[in-house]
Amino acid sequence: MLAGLAQYPAFQVFLTLSLSVVLVAMVTPLLIRFLLHRDIGQQIRAEGIQEHLTKHGTPTMGGIVVVVVAIALFTAMVAFAHPVIANASPARIEVFNTGVRAGITVLMCMLGCGILGFVDDYIKVAKKRSMGLSARAKIAGQVIIATGTTLAAINWVGVSANIYLPITENYIPLAQLSSNFTMPAFLGSVVINVPWVYLLFALVMIVGLTNAVNLTDGLDGLAAGTVTIVSLVFAAIAYASGSLPIAIAATAIAGGCIGFLWWNCYPAKIFMGDTGSLALGGAIAALALVTKTELLVVIIGGIFVVEALSVVIQVLVFKMTGKRVFKMAPIHHHFEMLGWSETTIMVRFCIITGCLAAFGFALFFYQLARFGAG
């Protein structure tokens, strides 16, 4: 019976979501016990918000569960759908295989960023300090991962090096602009085309979003809640575009965040750490890359953009004037200093994220219905 259900894409998407929620929710308590036994806990900065000092020692690195479950479920669901796809038309098989390559690219970006975050978390725990990798080392690692992700998207998935403008059929011709600067990179007998202008743009987007989600992970449940909403919208975008594997990858991530949120909501029993926040940021950026929504992600993931901008504004204004725009940055701490509870901030930020993500999807759907896929 299950084999027969494999022919229904909607069933596969909702099955992925359900399994991801349940698996992460069931495995996370086991991880909490293991981390408590090993004394692997969050290190809290003494100069931060004083109320957060009570969170010192809370198990961290929980994001590893979301990453592992998302990869495992994606693999299982692709195998589940394969018998049906194998009997489909050559055109449908090609679309599915392209989607699989795109999904793998997203998950590998997530895994790479997760490993980078794990190293950062491990240094914090091992040395019992709130700082892990240096900022320079983090950025260098993110640039390497972003470069690999972008080149895989261009050369393996077949993603266009142009940037499509929302609600229009126009695009910024970065592929043409890059043509004079494109230098094939040779790896054995394989030729890798490197569109330098688009690559630079993609690096800024991926590194920026990865760090923006990382900055958002400052309150119980905030990153998990907002990433859930954004991932579900990317799943809807992929599904509407006819790419089931990308929709499955995005849904697996969203479901994992929901399952993790069960234990991460206030008062959190576990934190995702940089292992989770960097991984999820990388996944969101890679989803924008493979769905060709590089500009729409600024709206869909608007809450992450606001969080990052609040830090940039705070630092720049303080350096120029010696004054602070916000009581504390990122901006969620500003509202915390104003007396808002963590739960209030989390819920309201999720509401804002839902509104922005829905608006972003509406713009995408308008473009899709009127002009077709880019």
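Residues numbered from 1 in each chain as written. Predicted model: local features only at pLDDT ≥ 70, side-chain atom pairs only at ≥ 80, totals over all residues. Heavy atoms only, no water.

Undergrad: Help me understand unusual backbone geometry, please; the structure alone is not making it clear to me.
TA: The phi torsion of most residues other than glycine is negative, and most of the peptide bonds are trans. Residues Tyr266 and Pro267 are joined by a peptide bond in cis, for which omega reads -10°. Ala329 connects to Pro330 through a cis peptide bond whose omega is 0°. Notably, Ile167 is not glycine yet its phi reads approximately 55°, a positive angle. Inspection of the secondary structure assignment puts Ile167 in the loop between strand S1 (163-164) and strand S2 (171-172). Using a relative accessible area of 38% as the deciding quantity, one classes Ile167 as partly exposed. (Helix = DSSP H or I, 4+ residues; strand = E, 2+ residues; numbered from the N terminus. Buried < 20%, exposed > 50% of the residue type's maximum accessible area, 1.4 Å probe, protein only.)

Undergrad: Please explain the packing of helix H3 (residues 63-86) against helix H10 (residues 273-290) as it appears in this structure.
TA: The relative placement of two packed helices comes down to the angle between their axes together with the axis-to-axis distance. Contact geometry for H3 and H10: axes closest at 7 Å, N-to-C directions at 45°. Considered as vectors, H3 and H10 are oriented oblique to each other. Residues Gly63, Ile64, Val66 and Val67 of H3 touch H10, and the partners they reach there are Thr275, Gly276, Ala279 and Leu280. Across the contact of H3 with H10, the residue classes break down as five nonpolar, three polar and no charged. (Axes fitted to C-alpha atoms, helices over the stretch in contact; angles between N-to-C directions. Parallel < 35°, antiparallel > 145°, perpendicular 65-115°, else oblique. Contact = heavy atoms within 4.5 Å. Nonpolar A, V, L, I, M, F, W, Y, C, P; charged D, E, K, R; others polar.)

Undergrad: Would you take a moment to explain a nonpolar patch on the surface for this structure?
TA: A cluster of nonpolar residues, Ile64, Val68, Met108, Leu111, Ile115, Phe118, Val119 and Tyr122, forms a patch on the protein surface that exposes about 690 Å² of accessible area. Going through the elements one at a time, H3 and helix H4 (90-127) are the ones with two or more residues in the nonpolar patch. Considering each element in turn, the nonpolar patch owes the most residues, six residues, to H4. A relative accessible area of 35% means that Ile64 is categorised as partly exposed. (Patch = residues over 30% accessible without salt bridge, like charges linked within 9 Å, V, L, I, M, F, W, Y side chains within 5 Å. Areas by Shrake-Rupley, 256 points an atom, 1.4 Å probe, with all protein chains shown as cover. Salt bridge = Lys/Arg side-chain N within 4 Å of Asp/Glu carboxyl O.)

Undergrad: What's the story with the pattern of salt bridges in this structure? I'm lost.
TA: Per the stated rule, a full pass over the model turns up six salt bridges. Put simply, Arg101 and Glu94 hold a salt bridge, and the shortest N to O gap is 3.5 Å. When its relative accessible area of 43% is taken as the criterion, Glu94 is described as partly exposed. A salt bridge links Lys138 to Asp274, with the shortest nitrogen-to-oxygen separation between them at 2.8 Å. Taken together, the residues Lys138 in helix H5 (residues 135-157) and Asp274 in helix H10 connect sequence positions 136 residues apart. Each member of the pair, Lys138 together with Asp274, is buried. Connected through shared salt-bridge partners, Asp120, Lys124, Lys138 and Asp274 make up one network.

Undergrad: Please explain the side chain of Thr251 as it appears in this structure.
TA: Examined against the element boundaries, Thr251 turns out to sit in helix H9 (residues 244-264). Thr251 sits in the buried class, given a relative accessible area of 2%. Leave out the neighbours within four places in its chain, and Thr251 touches Val13, Thr16, Leu17 and Ala235.

Undergrad: What is the right way to look at the packing of aromatic side chains in this model?
TA: For any two aromatic rings, the description comes down to two numbers: the centre-to-centre distance and the angle of the planes. Tallying each qualifying case throughout the model produces seven aromatic pairs. Ring geometry for Tyr198 and Phe201: centres 6.2 Å apart, planes at 35°, overall tilted. Placement of both Tyr198 and Phe201 in helix H7 (residues 196-216) is noted, with a separation of three residues, approximately one turn of the helix. When the centroid spacing of 6.3 Å and the interplanar angle of 35° are considered together, the rings of Phe361 and Phe364 count as tilted. Separated by three residues within a single helix, Phe361 and Phe364 lie in helix H14 (residues 342-371), roughly one turn from each other. Of the residues examined, Phe364 reaches a relative accessible area of 7% and is grouped as buried. Grouped by ring-pair contacts, the aromatic residues Phe335, Trp340 and Phe349 constitute a single cluster. In this structure, Arg348 packs its charged tip against the face of Trp340, placed 4.7 Å from the ring centre. (Phe/Tyr/Trp six-rings, centres within 6.5 Å; stacked < 30°, edge-to-face > 60°. Lys NZ or Arg CZ within 6 Å of the ring centre and 35° of its normal.)

Undergrad: Hey, could you run me through H3 in this one?
TA: Residue pairs three or four apart in sequence face the same way in an α-helix, which turns once every 3.6 residues. Here H3 spans 34 Å end to end across 24 residues, near enough to the 34 Å set by a 1.5 Å rise per residue. Along its length, H3 reaches its greatest deviation from straightness, about 30°, at Phe80, and the proline Pro83 lies no more than four positions downstream. What H3 keeps buried is the set Gly63, Val65, Val66, Val67, Val69, Ala70, Leu73, Phe74, Met77, Val78, Ala81 and Ile85. On its buried face, H3 is in contact with helix H2 (9-37), H4, H9 and H10. (Expected span 1.5 Å × (residues − 1). Bend = angle between axes of the 7 residues up to and from the residue.)

Undergrad: Looking at this structure, how should I read the environment of Phe260?
TA: In this fold, Phe260 is placed in helix H9. The class of Phe260 is buried, set by a relative accessible area of 0%. Taking the C-alpha atoms as reference, Phe260 lies 6.0 Å from Val24; in sequence the two are 236 residues apart. In this structure, Phe260 is in contact with Val24, Thr28, Gly62, Gly63, Val66, Ala224, Ile270, Phe271 and Met272, ignoring residues within four places of it in sequence.

That's the geometry; what it means functionally is another story.
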